[in-house]
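# Structural overview for review
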Amino acid sequence: MKYFYAFFALAILATLSIFGFRGDKSAKPPFILFPDMDDQSKFKPQGSSPFFADGRTDRLPVPGTVARGFLREDDHAYFGKDGEEWARGFPMAIDQSVLDRGEEMYGIYCAVCHGGTGDGNGVTRSRGMLVTPSFHDDRLRDMAEGEIFHTLTNGKGLMGYYRDKLSAPDRWAVIAYMRALQRSQNGTIDDVPPSARKELGL
Ligand code: HEC
């Protein structure tokens, strides 16, 4: 029994010493048995640091660093350029699926202003946007694909830009469809395969 009382007294003492001082305020830093790395100097983003010679905390990326998925080595495919000139032609093969994609995107993003046939008579013309050009002018028929790509990427005048809405391949697909529209309005008999001429009554 003696031991029990001694143990009981010790237990009360231990409990008091652990919990008894909770809530006490002290200006001193708390006592930490295993500090690990709890307490260390801190540098905030865009702050200054005496550690680096240039005095900033943020390090610049190594020169030539490219974010994953942003490597744009192909000037034609991403900037429409061929050296100093606007590139002519397409950076990829054009097949039916590319034209279908271009048609779909054209219908969504361009037809409101440029019209379903590319004549510039979209619904916005009746609302006062009179400056939308027709794709069937010689100027736009002769324009290099790369220059058109640049216009789609960055916009021009009252026309917005499409670099966020259309990926680079989609912009090329739209241009391919634009070319198809231009040919559709400027066809000659030579464009019609001989086997199909009869159907047209020619
Ligand atoms: C809000 C109406 C509008 C929409 C939508 C629009 N355009 Fe235009 N587009 C214009 C206007 C206006 C111009 C004339 C810009 C200028 O020359 O100042 C123009 C000019 C152009 C030109 C000629 C650029 C030049 O260098 O003269 C091309 C090519 C063109 N648009 C293609 C497109 C394609 C492709 C789309 C769809 C991705 C599209 N546009 C969407 C209004 C629009």
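Described in the following lines is the structure provided in the data block. (Residues numbered from 1 in each chain as written. Predicted model: local features only at pLDDT ≥ 70, side-chain atom pairs only at ≥ 80, totals over all residues. Heavy atoms only, no water.)

## Re the packing of helix 3 (residues 96-109) against helix 8 (residues 168-185)
Two numbers describe how helix 3 lies on helix 8: the axes approach to 7 Å, and their chain directions differ by 90°. With respect to each other, helix 3 and helix 8 are oriented roughly perpendicular. Contact residues: Val98, Leu99, Arg101, Gly102, Glu103, Met105 and Tyr106 in helix 3; Asp170, Ala173, Val174, Ala176, Tyr177, Ala180 and Leu181 in helix 8. Of the residues assigned to the contact of helix 3 with helix 8, the class counts are 10 nonpolar, 1 polar and 3 charged. (Axes fitted to C-alpha atoms, helices over the stretch in contact; angles between N-to-C directions. Helix = DSSP H or I, 4+ residues; strand = E, 2+ residues; numbered from the N terminus. Parallel < 35°, antiparallel > 145°, perpendicular 65-115°, else oblique. Contact = heavy atoms within 4.5 Å. Nonpolar A, V, L, I, M, F, W, Y, C, P; charged D, E, K, R; others polar.)

## Let's talk about the coordination of the iron atom of the ligand
Listed as protein donors to the iron atom of the ligand are His114 (NE2) and Met159 (SD); their distances from the metal cover 1.9 to 2.1 Å. Here the iron atom of the ligand binds 6 donor atoms, and the angle range of 86 to 178° at the metal identifies the geometry as octahedral. Residue His114 is found in helix 4 (residues 111-114), and its partner Met159 is found in the loop between helix 7 (145-154) and helix 8; the two are separated by 45 residues along the sequence. For His114, a relative accessible area of 9% gives the class buried. (Donors = N, O, S within 2.8 Å, 3.2 Å for Na, K, Ca; no water. Tetrahedral: all angles 85-135°; square planar, octahedral: opposite > 155°, others 65-115°. Buried < 20%, exposed > 50% of the residue type's maximum accessible area, 1.4 Å probe, protein only.)

## As for the pattern of salt bridges
Applying the stated criterion to the full structure yields 7 salt bridges. Between Asp54 and Arg59 there is a salt bridge, and its shortest N-O distance comes to 2.8 Å. For Asp54, a relative accessible area of 45% gives the class partly exposed. What makes Arg59 partly exposed here is its relative accessible area of 42%. Across the pair Asp138 and Arg141 runs a salt bridge, and its minimum N-O distance is 3.5 Å. (Salt bridge = Lys/Arg side-chain N within 4 Å of Asp/Glu carboxyl O.)

## What to know about the site of the ligand
Taken together, the neighbourhood of the ligand is formed by 24 residues, with Cys110, Cys113, His114, Arg139 and Met159 sitting nearest. Contributing elements (two or more residues each) for the shell around the ligand: helix 4, helix 6 (138-142), helix 7 and helix 8. Tallied by class, the residues present in the shell around the ligand amount to 18 nonpolar, 4 polar and 2 charged. (Near = heavy atom within 4 Å.)

## Brief notes about the nonpolar core
Grouped together as the largest cluster of nonpolar side chains are 19 residues, with contacts concentrated most on Tyr106, Ile148, Val174 and Ile175. Mapped onto this core, the elements with two or more residues apiece are helix 3, helix 7 and helix 8. Here this core takes 7 residues from helix 8, the largest share from any one element. (Core = buried A, V, L, I, M, F, W, Y, C linked by side-chain atoms within 4.5 Å.)

## Remarks on helix 3
Its 14 residues place the ends of helix 3 20 Å apart at the C-alpha level, agreeing with the 20 Å of an ideal helix rising 1.5 Å per residue. Among all positions in helix 3, only Val98, Gly102, Met105 and Tyr106 are buried. Summarising the axial view, the buried residues of helix 3 lie within an arc of 105°, below the 170-degree limit, and thus occupy one face. The inward-facing, buried residues of helix 3 abut helix 4 and helix 8. (Expected span 1.5 Å × (residues − 1). Arc of directions from axis to C-beta.)

## Examining the side chain of Arg171
Take Arg171: it is sitting in helix 8. For the buried Arg171, no salt bridge is present, and the opposite-charge side chain at shortest range is Asp164, 7.5 Å distant. For Arg171, the residues in contact, after removing those within four places along its chain, are Phe149, Leu152, Thr153, Tyr162, Arg163 and Leu166. (Lys, Arg positive; Asp, Glu negative; His and termini not counted.)

## Focus: the packing of aromatic side chains
Within the structure shown, the criterion is met by 8 aromatic pairs. Both rings, one in Tyr106 and one in Tyr177, keep their centres 5.6 Å apart while their planes meet at 55°; by these two values the pair is tilted. Taken together, the positions of Tyr106 in helix 3 and Tyr177 in helix 8 put the pair 71 residues apart, joining distant regions of the chain. Here the aromatic cluster, defined as three or more aromatic residues joined through ring pairs, consists of Phe4, Tyr5 and Phe8. (Phe/Tyr/Trp six-rings, centres within 6.5 Å; stacked < 30°, edge-to-face > 60°.)

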